[in-house]
Amino acid sequence: MPTKTFRSKADLAINGAPPAFDQPLHVGRPNIGDRDAFTQRVNKILDNQWLTNNGPMVLEFERRIAAHLGVKHCIAMCNGTIALEIAIRALGLEGEVIVPSWTFVATAHALYWQGITPVFADIDPATHNLDPEAVRRMITPRTSGIIGVHLWGRAALIDELQSLADEHGLKLMFDAAHAFGSTYKGQTIGRFGACEVLSFHATKSFNTFEGGAVVTDDEELAEKMRLMRNFGFHGYDNVIHPGTNGKMIEVCAAMGLTNLDGHSDVITINMRNHSAYTAALRGMPGISVLAYDPAEHNSHHYVVIEVDPSCTVTRDQIVAALQAENVLARKYFWPGAHRMKPYSEIFPHANLLLRNTEFVAAKVVILPSGMSVALEDIATIGAIIKQMVEG
Ligand SMILES: *Cc1c(COP(=O)(O)O)cnc(C)c1O
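These numbers were taken from a predicted model, which means no experiment stands behind them. (Residues numbered from 1 in each chain as written. Predicted model: local features only at pLDDT ≥ 70, side-chain atom pairs only at ≥ 80, totals over all residues. Heavy atoms only, no water.)

**Some points on the overall build of the protein**
Inference 1: On a plain count of helices and strands, the protein comes out with 14 helices and 12 strands.
Inference 2: For 391 residues, the compact-globule formula gives about 21 Å, and the C-alpha radius of gyration of the protein, at 21 Å, lands near that figure.
Inference 3: Taking the principal axes of its C-alpha atoms as reference, the protein extends roughly 70 × 55 × 40 Å.
Inference 4: Split into buried and exposed, the 391 residues of the protein put 54% on the buried side.
Inference 5: Residue pairs at least 24 apart in sequence account for 68% of intrachain contacts in the protein once pairs closer than 6 positions are excluded.
Inference 6: Total accessible area computed for the protein in this model is approximately 17,300 Å², and 54% of it derives from carbon and sulfur atoms.
Inference 7: A gap of 3 Å separates the mean positions of the 33 positive and 41 negative side-chain charges of the protein. (Helix = DSSP H or I, 4+ residues; strand = E, 2+ residues; numbered from the N terminus. Rg over C-alpha atoms; globule rule 2.2 N^0.38 Å. Buried < 20%, exposed > 50% of the residue type's maximum accessible area, 1.4 Å probe, protein only. Contact = heavy atoms within 4.5 Å. Areas by Shrake-Rupley, 256 points an atom, 1.4 Å probe, with all protein chains shown as cover. Lys, Arg positive; Asp, Glu negative; His and termini not counted. Charge placed at Lys NZ, Arg CZ, Asp CG, Glu CD.)

In structure tokens:
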């Protein structure tokens, strides 16, 4: 039995259930940086009486993020999904765009929402990232681009996808929602493709409550996205571009600045947690922990375990048992975007082309990590799984 029973406000909010602030907390909660530093920043915002519209906190946040990632431009937005939508529009994507189905559904929705058809390509079951050969097979005369996803913060096969895009005259951008602080061949994620999109949602390793950004070295693209984010306004009264409201607010930037200062501590704890999970689950028949590439940086935020069909218990039984103990284990991103609406209706036979996606989606469990997860929680989670598997 776990030593503490938690119930997550974050998960209740995500699942649309009413918040229950008087309930105990789950194992698995957002990372919250130095509270005093945050409240000082909030007081500064209130003193300034500048709440939104490119205020000083957002400008400082954008500068800090750009410097942190070694990229020229950071355009902060209200969330990662709007950032994806704006990037897609700014790049002029149209017709069909190739994406993995094995991702959070927002990658596909950001296209569909704007009248573009997401076409799903299969993944490599070893890395969970897009298989460039599968992408190649999905290219048609209507294809205008590819959105690669750095799933679990592991960089996609960027060079292969870029060559493929160049060969076929396609635009390439990345959903880097999981990859804040990750590297590819030693270079920080943020400068690859035409642009990369970050999410700072509460469930990510680095959060601004809700938030997102597009990062790019392309000055012209950055300028276009700045306009689109703010209704196309260029100064007061002068609208020079179609646009929407994608702005980040000051208080979110204050959270971002605070959490950025604490992010290296989060990574240290995540790495410790990841090793502890790996050790606790080692040798359990049918259970494996997806390893990160030791040569690359990663926030180690996602502890991905795979329950093989040969295991004595099913993936769903493990998830149910952990959730019954208030451990926030999740089946991200089951059953795959291709089995969600509207895509299951548009592509009723997509499963036939997405064999690896289907195989992986059936066996993944994400275990909680982050600052709120203690080593004894991991020992308890390991013991629960061991008891189930070994009977
Ligand atoms: C979280 C996430 C998004 C969406 O970001 P929000 O900030 O929640 O809108 C997009 N893609 C992936 C892969 C994500 O995990």
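**Quick word on the sheet that holds strand S4 (residues 143–149)**
Think of a sheet as strands paired side by side through backbone hydrogen bonds, with each pair either parallel or antiparallel.
Inference 1: Strand order in the open sheet formed by 7 strands is S1-S9-S8-S5-S4-S2-S3, with mixed pairing between adjacent strands. Every other strand in the sheet has two partners, leaving strand S1 (73–77) and strand S3 (117–121) as the edge strands with one partner each. Within the sheet, the average angular offset between the axes of one strand and its neighbour, ignoring direction, is 25 degrees.
Inference 2: When strand S2 (residues 96–100) meets S3, the two strands line up parallel, connected through 5 bridges. (Pairing = 2+ DSSP bridges. Axes fitted to C-alpha atoms, helices over the stretch in contact; angles between N-to-C directions.)

**Some points on a nonpolar patch on the surface**
Inference 1: A cluster of nonpolar residues, Phe231, Phe233 and Val239, forms a patch on the protein surface that exposes about 250 Å² of accessible area.
Inference 2: Relative to the helices and strands, Val239 resides in the loop between helix H8 (219–229) and helix H9 (250–281).
Inference 3: A residue is classified by how much of its surface remains accessible, and Val239, at 49% relative accessible area, is partly exposed. (Patch = residues over 30% accessible without salt bridge, like charges linked within 9 Å, V, L, I, M, F, W, Y side chains within 5 Å. Salt bridge = Lys/Arg side-chain N within 4 Å of Asp/Glu carboxyl O.)

**Thoughts on the pairing of strand S5 (residues 171–175)**
Regular strands place their side chains on alternate faces of the sheet.
Inference 1: Among the 5 residues in S5, 4 count as buried, and that is most of the element.
Inference 2: As paired elements, S4 and S5 share 5 bridges and run parallel to each other. Note on S5: the bridge partner recorded for Val149 is Asp175.
Inference 3: As a crossover connection, the stretch from S4 through helix H7 (residues 158–168) into S5 is right-handed. (Right-handed = clockwise from strand over helix to strand, strands pointing away.)

**Here's the deal with the nonpolar core**
Inference 1: If you look at the biggest cluster of nonpolar residues, it comprises 47 residues, and the most contacted ones within it are Phe61, Ile65 and Leu198.
Inference 2: With residues near it in sequence (within four places) discarded, Ile65 still touches Cys74, Phe180, Leu198, Phe206, Val215 and Leu260.
Inference 3: The next biggest cluster of nonpolar side chains, apart from the first, holds 32 residues, and it includes Ala83, Ala87, Val105 and Phe120. (Core = buried A, V, L, I, M, F, W, Y, C linked by side-chain atoms within 4.5 Å.)

**A closer look at the pattern of salt bridges**
Inference 1: Considering all chains together, one arrives at 15 salt bridges under this definition.
Inference 2: In this structure, the salt-bridge partner of Glu62 is Arg229, at a minimum N-O distance of 2.8 Å. A residue pair is termed long-range when its members are at least 10 positions apart, and Glu62 in helix H3 (residues 56–69) and Arg229 in helix H8 qualify at 167 residues.
Inference 3: Here Asp217 makes a salt bridge to Arg191, at a shortest N to O gap of 2.9 Å. You can see Asp217 sitting in the loop between strand S9 (212–216) and H8 and its partner Arg191 sitting in the loop between strand S7 (187–188) and strand S8 (196–199), a full 26 residues away along the chain.
Inference 4: Accessibility expressed as a relative area gives 27% for Asp217, which makes it partly exposed.
Inference 5: Connected through shared salt-bridge partners, Arg41, Arg64 and Asp261 make up one network.

**Considering the pairing of S4**
Inference 1: The element S4 is extensively covered by neighbouring structure, given that 7 of its 7 residues are classed as buried.
Inference 2: Two elements, S2 and S4, share 3 bridges in a ladder whose sense is parallel. Paired with Val97 across the bridge in S4 is Gly145.

**Considerations on the packing of aromatic side chains**
Inference 1: In this structure the tally under the stated criterion is 17 aromatic pairs.
Inference 2: Residues Phe200 and Phe206 carry aromatic rings whose centres are separated by 5.1 Å and whose planes lie at 80 degrees to one another, so their mutual orientation is edge-to-face. Neither residue differs from the other here; Phe200 and Phe206 are each classed as buried.
Inference 3: Over the ring of Phe104 we find Lys204, and its NZ or CZ is 5.9 Å from the ring centre.
Inference 4: Lys331 extends its terminal NZ or CZ atom over the ring of Trp334, reaching a point 4.0 Å from the ring centre. (Phe/Tyr/Trp six-rings, centres within 6.5 Å; stacked < 30°, edge-to-face > 60°. Lys NZ or Arg CZ within 6 Å of the ring centre and 35° of its normal.)

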